[in-house]
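Take a look at the letters that make up each chain.
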Number of protein chains: 2
Amino acid sequence: MIVYGLSVIEFRDNAYVWVQVRDVLKTRIIEGTYRPGQVVPSESTLVQEFGVARNTIRKAVKALREEGLITTVPHLGSFVSENLPNG
Amino acid sequence: MIVYGLSVIEFRDNAYVWVQVRDVLKTRIIEGTYRPGQVVPSESTLVQEFGVARNTIRKAVKALREEGLITTVPHLGSFVSENLPNG
DNA sequence: ACCCATTTGTGCGTATGTATA
DNA sequence: TTATACATACGCACAAATGGG
């Protein structure tokens, strides 16, 4: 279970936290909450929002990066890819 | 057997992985690949290089530390001792 | 030129869980 | 039961680059 914002989200207890975070972020990208070209919330923001460790956020973000969903620019942030991969 | 870099190193299958890693690192220190006062590759670097878990790297590094071959400074890294012990 | 907050990158310390022998 | 070895997940600290003022 992960608490963030003002809501409480129930997660599958059997899934790894970083996988759950990754899936939430992926859904936000696919559904357009985070739009192509726009910046993804910073690590510290996501840490506060999801209430998990920064390493865990970084692992989720890394996975999105390797899937081609986002591009990370050091010291600037991560941005949603303009051309989202199929899938 | 541990693969790292471009080479493939055959290890004794009967020896523990952390002992094998420790011995490789020790050899590098004794032979001067890692020189006194200089920093030893980070845990994550060694994880990638040896292809083993971080815990295993840490166990090998801890052994070197207890042998006086290196000194570890939290958040900075491990450094080869200036005065290497005999043996 | 300077400060300063933000952000990612990196590093070690620690605890826990799972599987295996 | 114990030790090994994998991965996950928390914390904490510092560096380096960016951008605003």
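Quick note: structure is the one above.
Described below are features of the structure shown in this document. (Residues numbered from 1 in each chain as written. Chains lettered and ligands numbered in written order. Predicted model: local features only at pLDDT ≥ 70, side-chain atom pairs only at ≥ 80, totals over all residues. Heavy atoms only, no water.)

## A few points about the sheet that holds strand β4 (residues 70–73) of chain B
All names here are of chain B. Applicable threshold: A pair of strands is treated as paired once DSSP finds two or more bridges between them. Runs of E in the DSSP output that reach at least two residues are strands. Runs of H or I that reach at least four are helices, and both are numbered from the N terminus. Here, two residues are considered to be in contact whenever any of their heavy atoms come within 4.5 Å of each other. Fitted lines through C-alpha atoms serve as axes, helices being fitted only where they are in contact, and the angles separating the N-to-C directions of these axes extend from 0 to 180 degrees.
Strand order in the open sheet formed by 3 strands is β3-β5-β4, and the pairing between neighbours is antiparallel. This sheet does not close on itself; its edge strands, each paired only once, are β3 (39–40) and β4. The strands touched by helix α3 (residues 54–66) within the sheet are β4 and β5 (77–80), with β4 carrying the most contacts at an inclination of about 120 degrees.

## Description of the pairing of β4 of chain B
All names here are of chain B. When β4 meets β5, the two strands line up antiparallel, connected through 4 bridges. Looking across to β5, one finds that threonine 71 is bridged to phenylalanine 79. Turn length for the β4-β5 hairpin, with the two strands adjacent in sequence and antiparallel, is 3 residues, and the turn residue histidine 75 shows positive phi of about 70 degrees.

## Observations regarding the protein's contact with DNA strand D
Here is the rule we go by: Distances are taken per atom, and a residue is near a molecule or strand as soon as one of its heavy atoms is within 4 Å of it. For this analysis, a polar contact is any N or O atom pair within 3.5 Å, provided that within protein one partner can donate a hydrogen and the other can accept it, and provided that sequence-adjacent residues contribute only side-chain to side-chain pairs. Side-chain classes follow a simple rule in which Ala, Val, Leu, Ile, Met, Phe, Trp, Tyr, Cys and Pro form the nonpolar group, Asp, Glu, Lys and Arg form the charged group, and the remainder, Gly included, forms the polar group.
Taken together, the neighbourhood of DNA strand D is formed by 21 residues, with Val17, Thr56 and Lys59 of chain A together with Val17 and Thr56 of chain B sitting nearest. Counted by atom, the contact set of DNA strand D within 4 Å of the protein is 75% sugar and phosphate. For DNA strand D, a phosphate oxygen lies 3.0 Å from a polar atom in the backbone of alanine 53 of chain B. One of the side-chain N or O atoms of lysine 59 of chain B is found 2.5 Å from a phosphate oxygen in DNA strand D. Where the surface near DNA strand D is concerned, the elements lending two or more residues are α1 (17–30) and α3 (54–66) of chain A together with α1 (17–30) and α3 of chain B. Broken down by class, the residue content of the surface near DNA strand D amounts to 11 nonpolar, 6 polar and 4 charged.

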